[in-house]
Amino acid sequence: MTVAGRLAALRERLAAESLDAMLVTDISNVRYLTGFVGVFDPEAAALAVVAPDAADLYTDSRYGEAATLAAEGSAWRVHVASRALHTEALEQLHFAGAASIAVESSVSHRRFRAIEEAFSGQVHASDDLVEQLREVKDAEEIACIEAACALGDRAFEHVLGVLSPGMTEVDVALEIEVFLRRNGSEGLAFPPIVASGLHSSRPHATVSERVIEAGDPVTLDFGARVGGYCSDMTRTVVVGRAPEGFRELYEAVLAAQSAARTGVRAGMTGIEADVIARDVLAEAGLATHFGHGLGHGVGLDVHELPSLSPRGERTLQAGSVVTLEPGVYLAGRFGVRIEDSVVLSDAGCRVLTGAPRDLIEV
Ligand SMILES: [Mn+2]
């Protein structure tokens, strides 16, 4: 979908709900609608207003020049505000006679109240209006994610070459970060997870100064960013020889992940997708150790719609990029997670992560 197509799709949704305008505050939504991926940092420095015949972007002087340049030739009018962005936006909406507007429900309560107080008409909170448009990626977006995944694969290969006993988790995380940045990643999709030994049983362990020893499983979960779009992958490898019982656990998680890669497709719900992997782990008696969902959408944000989990009631759509990441965590022993990013179609999944999945002992 082009930027014009995205605006048209949002306007259709506004018309269907009899809204005169929408105030878009989420930075990823602003990026998506304007197409100006590189212009803003995640700080609240942009407010986009979409109305039937207007697309106005309010920003402050720090971003004025870059946004104005980026807007050239597009439908967006850039306003460099000197007062609060919503104050100037609402003045414009009053002038245009808007009576009913939507504000994203993700906005802070403080900001919502300020908007409600300053606007003379009705203010509605809307859930995920733009997020639902973002759920289906076009070819250009998929190409960005694919490039980010390829960079992640290279970073994984690089880490395999340096990972050795005596390094700390911080050392390994830095290897990943520096490699990704040197090779073209725009920052990182998220701070990498490097969880070694006992820490590997914590799905989102914090990177620590723990020294990696021979026989430690190490879970590496990281993502690159290309053209504003994230990748997300996880591999658990072993430094030296796998400890007792580890290989069996690894094979069970891999079987669940393979089943998901084979079975997940557009047209099923996120709950049904999740069950594919969960059933395999239940057969192995490990269901209670798989606490999180099978996966999530990936795009401008590393976690976005859809959700592939027991809460994922929405039907998965062709063109969504999602992760498949079953994990099993045995507290006091170790954990395993294997995660790929894939594109969904009606026929199944196209895997974007190229890193090997068989157990690696380095
Ligand atoms: Mn993930």
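Residues numbered from 1 in each chain as written. Predicted model: local features only at pLDDT ≥ 70, side-chain atom pairs only at ≥ 80, totals over all residues. Heavy atoms only, no water.

### Quick look at the packing of helix α9 (residues 246-263) against helix α10 (residues 270-283)
Running from amino to carboxyl end, α9 crosses α10 at an angle of 150°, the nearest separation of the two axes being 8 Å. What the angle tells us is that α9 and α10 run roughly antiparallel. α9 and α10 meet at a crossing whose hand is right-handed. Listed contacts from α10 to A252, V253, A255, A256, A259, A260 and G263 of α9 are I276, A277, V280 and L281. Classifying every residue of the contact of α9 with α10 gives 10 nonpolar, 1 polar and no charged. (Axes fitted to C-alpha atoms, helices over the stretch in contact; angles between N-to-C directions. Helix = DSSP H or I, 4+ residues; strand = E, 2+ residues; numbered from the N terminus. Parallel < 35°, antiparallel > 145°, perpendicular 65-115°, else oblique. Left-handed = near helix turned anticlockwise from the far one by under 90°. Contact = heavy atoms within 4.5 Å. Nonpolar A, V, L, I, M, F, W, Y, C, P; charged D, E, K, R; others polar.)

### Some thoughts on the sheet that holds strand β6 (residues 122-126)
With mixed pairing, 6 strands are arranged side by side in an open sheet as β4-β3-β2-β1-β5-β6. A strand with exactly one partner marks an edge of an open sheet, and here the two such strands are β4 (77-80) and β6. On average, each strand axis in the sheet is tilted by 25° relative to the strand beside it, whichever way the strands run. Examined bridge by bridge, strand β1 (residues 21-24) and strand β2 (residues 46-51) share 3 bridges and lie antiparallel to one another. Directly across from L23, in β2, lies its bridge partner V49. With respect to the sheet, helix α3 (residues 61-71) is in contact with β3 (54-59) and β4, its orientation differing from that of β4 by roughly 165°. (Pairing = 2+ DSSP bridges.)

### Some details on helix α4 (residues 85-95)
For an α-helix the count is 3.6 residues per turn, leaving residues at separations of three or four pointing the same way. Every buried residue of α4 is accounted for by L85, H86, E88, A89, L90 and L93. On its buried face, α4 is in contact with β1, β2, β3, β5 (100-104) and α5 (109-118). (Buried < 20%, exposed > 50% of the residue type's maximum accessible area, 1.4 Å probe, protein only.)

### Thoughts on the pattern of salt bridges
Considering all chains together, one arrives at 21 salt bridges under this definition. The shortest N-O distance in the salt bridge between R278 and D274 comes to 2.6 Å. Separated by 4 residues within a single helix, R278 and D274 lie in helix α10, roughly one turn from each other. When its relative accessible area of 1% is taken as the criterion, D274 is described as buried. For R357, the salt bridge identified is with D340, shortest N-O distance 2.6 Å. (Salt bridge = Lys/Arg side-chain N within 4 Å of Asp/Glu carboxyl O.)

### Regarding the domain arrangement of the protein chain
As far as domains go, the protein chain holds domain 1 (3-134) and domain 2 (139-351). One C-alpha centre belongs to domain 1, the other to domain 2, and the line joining them spans 34 Å. Each partner contributes to the roughly 750 Å² buried at the junction of domain 1 and domain 2, and carbon and sulfur atoms together form 46% of this total. Among the residues of domain 1 in contact with domain 2, V37, Q132 and R134 are the three that bury the most area, contributing 53% of the side total. At the junction of domain 1 with domain 2, the criterion picks out 3 salt bridges. (Domains from an automatic or database assignment. Buried area = accessible area lost by both parts, 1.4 Å probe.)

### Things to note about unusual backbone geometry
A cis amide bond links L305 to the next residue, P306, at an omega of 0°. Here P306 lies in strand β13 (residues 304-308). Positive phi outside glycine occurs at S18, with the angle close to 55°. Of note, S18 is situated in the loop between α1 (3-16) and β1. Although it is not a glycine, D128 sits at a positive phi angle of roughly 55°. Note on placement: D128 falls in the loop between β6 and α6 (129-134).

### Here we look at the nonpolar core
Counting 42 residues, the largest nonpolar core has L10, M22, L33, F40, L57 and W76 as its most contacted members. Those residues in contact with M22 that sit more than four places away from it in its chain are L10, L14, A48, V49, V50, A102, E104, S126, L129 and V130. Counting residues in hydrophobic clusters, the runner-up holds 29 residues, among them V264, M268, L281 and L344. (Core = buried A, V, L, I, M, F, W, Y, C linked by side-chain atoms within 4.5 Å.)

### Here's the deal with α5
Listed as buried for α5 are R111, F112 and I115. Summarising the axial view, the buried residues of α5 lie within an arc of 100°, below the 170-degree limit, and thus occupy one face. In this structure, α5 carries H109, R110 and E117 as exposed residues pointing more than 90 degrees from its buried face. In the core, the buried residues of α5 are packed alongside β1, β2, α4, β5 and β6. (Arc of directions from axis to C-beta.)

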